[in-house]
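One-letter residues, chain by chain:
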Amino acid sequence: MSAQENLTEVRQDVASQTPLRQPAPEAAEPITSTAASGRARIEQNKKHLFGLEQDVPRPEPVFQDDYEMRLPEDPYGEETKPNARVWRVYVEEAALFDGIMVGQYRDGLDVMLVFAGLFSAVVTSFLVQVSQNLQADYAQMSALLLHDLVSIQLSDGAVANITTPSIDPAQKFRPDALDVWINGLWAASLTAALVVALVSVLVKQWLHHYISLPSGTPLDRSHVRQFRFMGLERWRVRVIIGMLPLIMHVSLMLFLAGLVLFYIPLRVSLAWTIGIGAVVVCILYLVSNTMPLLFPQCPYQTPLTDFLHNTWQLSTTACYTLQKQVMPFVSCWLESDYSQAITAVKSLKTTEAEAVQRAHHTLYVDSLDWLFRMSSNPSVHSIVIQAIGGLPFDSIPHAETVWRESSFLQMARSESIFDSTVDDVEHEYKRKYLL
């Protein structure tokens with residue numbers, strides 16, 4: 001079969017196999033309230049966490065997000081009226097955005113409440129036992145005095161022969177310094193855990209108030225929602241939620257420190273074992289929170305990572321500002337270094353975006369490979385195979401490395417199927433022989 005016949009056959013296959021665009025389904029019922037439809041879309045997707053329903057919006061068909069097709073166009077001059085289309089779109093998009101955001105916050109707060117409750121119970125059981133060492137033990141004092149009395153009787157009244165040290169009940173009791181440290185560490189740990197539980201409950205109430213919009217026109221609901229969202233950002237609610245795990249981690253470290261001191265008078269070897277384990281955990285904790293600053297792909301990012309990044313940025317700025325004030329005669333020399341240092345300290349999002357841009361030639365292939373392997377939908381496989389022909393030129397070496405064992409790449413080495421400059425007919429021709 002000649003090449004011209006192959007091209008003719010490909011044209012016929014493309015014309016017969018190209019799916020027609022499916023018309024958008026007609027709405028069965030008119031949408032009377034965009035707010036109600038937004039809530040209904042969220043209510044359709046529920047999951048449970050600790051027996052409680054959680055709002056989890058899921059991806060929906062494309063035609064439901066085509067607002068130009070679903071909502072009628074506003075008359076000229078009424079584009080921002082109370083019932084205008086833009087405010088209906090705002091209410092629905094805000095409902096989806098807030099559903100995802102509040103759902104994530106609630107999941108984290110529920111986990112924090114459970115962990116704080118269990119941890120508080122554990123710390124309380126230890127604290128009840130050691131808190132007795134902060135006051136005089138009258139039972140032990142009575143036993144010692146009774147022993148002195150028996151010793152006097154056995155020694156025929158000779159007080160000098162008493163070997164047990166005498167106890168003065170009138171003397172003011174002074175607890176041991178080790179007991180004070182243990183009680184202080186565990187009391188601080190318990191207080192921090194209870195604070196986390198209290199703030200978690202308060203934040204859940206704040207979020208409930210945030211998503212409870214009053215009734216009214218789409219314009220009124222949009223303005224109220226935007227006003228509350230700006231207040232959420234201004235009053236640092238996100239920062240407060242992010243600090244709760246950090247406070248819980250500090251509480252756990254305080255408990256481990258008190259546990260080491262608790263076992264020192266009982267068993268030194270056991271105290272050393274617990275201490276070494278606690279130090280290793282603390283080092284791993286700090287290292288894991290620092291690694292995202294050095295490696296943008298590292299997923300160990302926590303609120304402490306953002307705090308460390310902000311601290312480094314502020315310290316860099318303060319350092320160069322102090323140098324300019326202390327040594328004004330070198331201010332001209334420091335000016336360039338100052339600007340370079342400030343520019344070098346980038347945000348974590350900017351660093352991640354630059355890393356993604358540098359690895360774009362491999363991410364093309366890895367994304368298609370993941371999509372093809374993880375999906376069992378034949379249409380997804382067909383779309384991925386069609387997309388292979390449009391890979392950029394710099395992604396071809398990585399594609400051959402990833403798919404070296406695939407049969408279609410063995411044929412592609414001689415056909416140059418990854419050439420993205422060919423026309424559409426030749427593209428389909430090469431795709432056919434690729435399969």
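Residues numbered from 1 in each chain as written. Predicted model: local features only at pLDDT ≥ 70, side-chain atom pairs only at ≥ 80, totals over all residues. Heavy atoms only, no water.

A complete count under the given rule lists two cavities of 30 Å³ or more for this structure. Taken as a whole, the largest cavity spans an internal volume of roughly 40 Å³. Considering the residues around the largest cavity, the lining is formed by Met101, Tyr105, Leu232, Glu233, Val237 and Arg238. Only α5 (85–130), α8 (218–234) and α9 (237–263) provide two or more residues apiece to the lining of the largest cavity. (1 Å grid on protein atoms, 1.4 Å probe; cavity = no way out; pocket = protein on both sides within 12 Å on 5 of 7 lines; lining within 4 Å. Points joined across faces, edges and corners; volume = space filled by probe spheres on them. Helix = DSSP H or I, 4+ residues; strand = E, 2+ residues; numbered from the N terminus.)

Moving on: a nonpolar patch on the surface. There is a patch of nonpolar side chains on the surface, built from Val268, Trp272, Ile276, Val280 and Leu284 and spanning about 530 Å² of accessible area. For tryptophan 272, the position within the fold is in helix α10 (residues 268–294). Using a relative accessible area of 60% as the deciding quantity, one classes tryptophan 272 as exposed. (Patch = residues over 30% accessible without salt bridge, like charges linked within 9 Å, V, L, I, M, F, W, Y side chains within 5 Å. Areas by Shrake-Rupley, 256 points an atom, 1.4 Å probe, with all protein chains shown as cover. Salt bridge = Lys/Arg side-chain N within 4 Å of Asp/Glu carboxyl O. Buried < 20%, exposed > 50% of the residue type's maximum accessible area, 1.4 Å probe, protein only.)

Among the secondary structure elements, aspartate 179 is positioned in helix α7 (residues 177–211). For the buried aspartate 179, no salt bridge exists, and the shortest N-O distance to an oppositely charged side chain is 14 Å, to arginine 174. Setting aside its immediate chain neighbours within four residues, aspartate 179 contacts Asn133 and Leu134. (Lys, Arg positive; Asp, Glu negative; His and termini not counted. Contact = heavy atoms within 4.5 Å.)

The final tally for this structure, using the stated rule, is five salt bridges. Between arginine 238 and glutamate 233 there is a salt bridge, and its shortest N-O distance comes to 2.9 Å. One salt bridge connects arginine 373 with aspartate 369, and the closest N-O pair in it is separated by 2.8 Å. Taken together, the positions of arginine 373 and aspartate 369, both in helix α14 (residues 360–374) and four residues apart, correspond to about one turn of that helix. The buried category is assigned to aspartate 369, whose relative accessible area is 14%.

Counted under the stated rule, the structure contains eight aromatic pairs. Plain terms: the ring middles of phenylalanine 119 and phenylalanine 255 are 5.7 Å apart, the flat faces sit at 80° to each other, and that makes the pair edge-to-face. Placement of the pair is phenylalanine 119 in helix α5 and phenylalanine 255 in helix α9, with a sequence separation of 136 residues. Look at phenylalanine 119 and you get buried, because its relative accessible area is 8%. (Phe/Tyr/Trp six-rings, centres within 6.5 Å; stacked < 30°, edge-to-face > 60°.)

Attention now moves to the layout of surface pockets. In this structure, the largest pocket spans a volume of roughly 1100 Å³. Taken together, 40 residues form the lining of the largest pocket, with Gln301, Pro303, Asp306, Phe307 and Leu348 sitting closest to its centre. Of all the elements in the fold, those that place two or more residues in the lining of the largest pocket are α5, α8, α9, α10, α11 (303–326) and α13 (348–358). In terms of residue class, the lining of the largest pocket is built from 23 nonpolar, nine polar and eight charged. (Nonpolar A, V, L, I, M, F, W, Y, C, P; charged D, E, K, R; others polar.)

Bringing the packing of α5 against α9 into the picture now. As a packed pair, α5 and α9 sit with axes 11 Å apart at the nearest point and diverge in direction by 20°. Classified by the angle their axes make, α5 and α9 are roughly parallel. Here α5 and α9 pass one another in a crossing that is left-handed. Between α5 and α9, the residues in contact are Met101, Tyr105, Leu109, Met112, Phe115, Ala116, Phe119, Val122, Val123, Phe126, Gln129 and Val130 and Arg238, Ile241, Leu244, Pro245, Met248, Ser251, Leu252, Phe255, Leu259 and Phe262, respectively. Looking at the contact of α5 with α9, its residues break down into 19 nonpolar, two polar and one charged. (Axes fitted to C-alpha atoms, helices over the stretch in contact; angles between N-to-C directions. Parallel < 35°, antiparallel > 145°, perpendicular 65-115°, else oblique. Left-handed = near helix turned anticlockwise from the far one by under 90°.)

The topology assignment puts aspartate 220 in helix α8. The exposure class assigned to aspartate 220 is partly exposed, which follows from its relative accessible area of 40%. Distance from aspartate 220 to proline 82, taken between C-alpha atoms, is 7.2 Å for residues 138 residues apart in sequence.

Trp186 and Met248 are the most contacted members of the largest nonpolar core, which totals 28 residues. For this core, the secondary-structure elements that each account for two or more residues are α5, α7, α8 and α9. Ranked by residue count, the leading element in this core is α5, at ten residues. In this structure methionine 248 touches Met112, Phe115, Ala116, Phe119, Ala193 and Val196, once residues within four positions along its chain are discounted. The next biggest cluster of nonpolar side chains, apart from the first, holds eight residues, and it includes Val365, Ile388, Leu391 and Ala399. (Core = buried A, V, L, I, M, F, W, Y, C linked by side-chain atoms within 4.5 Å.)

A few words on the confidence of the model for the protein chain. Per-residue confidence for the protein chain gives a mean pLDDT of 75, with 68% of residues at or over 70. For the protein chain, helix α18 (residues 424–434) is the element with the lowest average pLDDT, namely 44, and α7 is the one with the highest, namely 95. When the criterion is pLDDT under 50, residues 56–63 qualifies, and its contacts beyond four places in sequence or with other chains add up to eleven contacts. Across residues 329–336, confidence stays below pLDDT 50; counting only partners more than four residues off in sequence or on other chains, it has three contacts. (pLDDT = per-residue confidence, 0-100.)

So, on to α14. End to end, α14 covers 21 Å across 15 residues, agreeing with the expected 21 Å (1.5 Å per residue, within 8%). Inspection of α14 places Thr362, Val365, Leu368 and Asp369 among the buried residues, and these make up the whole buried set. End-on, the buried residues of α14 take up no more than an arc of 140°, which puts them together on one face. Counted as exposed and oriented over 90 degrees from the buried face of α14: Trp370 and Met374. In this fold, the buried residues of α14 make contact with α15 (378–388) and α16 (396–402). (Expected span 1.5 Å × (residues − 1). Arc of directions from axis to C-beta.)

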